[in-house]
Amino acid sequence: MYVVNVCVALRRHDQWLLIVRHPDLGHAGGTLAVPGGKVEAAAGPSDSDDVLEATARRETAEEVGVDLTGVPLHYAESTFFVSDTGNPVVNVLFAAHLPENAAPHPAAPAEVSEVLWRTQPEVEAIADCPPWTVQNIRRAAAALGPAQPL
């Protein structure tokens, strides 16, 4: 059995929203990442539609307090890995433009220690940034196209 994880790389103009995962988390604690989490069992028949997009929106709201209702999600990539805890994981990445009025913050302090804004070159230059986070930003940038000027 696989865990299905869904992440969202959020861009505002030329900056990407990153989270610092809480150090006590079982997988990749203390590292830079984009918001995301596991697909959960559907509560009812209508909850099984667009489950990946629904998970992306739910996790973004839970982790950084941002409502992505009505915001287009762009598929960026899917990957496979084995987590630090030994679970096989299928990871799906979406990219989206963060609404101008959104104010991301650590809405789930047990999961998110901090939120940061970085440009793609800044993410690529962070020495201890996990390679999967750098790849997420690169693939999300390709999915969204050129950044909008301020």
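Along each chain, numbering runs from 1 in the same order as the chain's sequence is written. Note on the predicted model: pLDDT of at least 70 is required for a residue's local features to be given, and 80 or more for side-chain atom pairs to be given and counted; whole-chain, interface and lining totals, by contrast, use all residues. As a rule here, side-chain values cover all heavy atoms of the structure and leave hydrogens and water aside.

As a further point, take the environment of M1. Structurally, the position occupied by M1 is in the segment before β1 (3-12). Burial classes follow relative accessibility: with a 1.4 Å probe on protein chains only, a residue under 20% of its type's maximum area counts as buried, one over 50% as exposed, and anything between as partly exposed. The exposed category is assigned to M1, whose relative accessible area is 93%. Along the backbone, M1 and V89 are 88 residues apart, and their C-alpha atoms lie at a distance of 9.0 Å. Helix numbers and strand numbers start at the N terminus; a helix is a DSSP run of H or I with at least 4 residues, a strand a run of E with at least 2.

Under the pairing criterion, centres of Phe, Tyr and Trp rings, with the six-membered ring standing for Trp, must be within 6.5 Å; the plane angle then separates stacked pairs below 30 degrees from edge-to-face pairs above 60, leaving the rest tilted. Under the counting rule described, the total for this entry stands at 1 aromatic pair. Relative to F80, the ring of Y2 has its centre 5.8 Å away and its plane inclined at 75 degrees; by these criteria the two rings are edge-to-face. In this pair, Y2 sits in the segment before β1 while F80 sits in strand β5 (residues 74-82), placing the two residues 78 residues apart along the sequence. For Y2, a relative accessible area of 54% puts it in the exposed group. The class of F80 is partly exposed, set by a relative accessible area of 49%.

The next subject is a nonpolar patch on the surface. The patches reported here contain residues having more than 30% relative accessible area and no salt bridge. Joining distances are 9 Å for like charges and 5 Å for nonpolar side chains (Val, Leu, Ile, Met, Phe, Trp, Tyr). For the accessible areas, the method is Shrake-Rupley and the probe is 1.4 Å, while residue cover comes only from the protein chains on display. Think of a salt bridge as a Lys or Arg side-chain nitrogen and an Asp or Glu carboxyl oxygen that are within 4 Å of each other. Together, Y2, F80 and V82 line one region of the surface with nonpolar side chains, adding up to about 350 Å² of accessible area. Structurally, V82 can be placed in strand β5.

Right, let's get into the environment of T55. By secondary structure assignment, the location of T55 is in helix α1 (residues 51-64). Sequence spacing of T55 and C7 is 48 residues, and the spatial spacing of their C-alpha atoms is 8.5 Å.

Here β5 pairs with strand β6 (residues 88-97) via 8 bridges, running antiparallel. Directly across from H74, in β6, lies its bridge partner A95. Adjacent in sequence and paired antiparallel, β5 and β6 are bridged by 5 residues, among which G86 carries a positive phi angle near 90 degrees. Strands are labelled as partners when DSSP assigns at least two bridges between them.

Right, let's get into unusual backbone geometry. Notably, H13 is not glycine yet its phi reads approximately 60 degrees, a positive angle. Counting through the fold element by element, H13 comes out in the loop between β1 and β2 (15-21).

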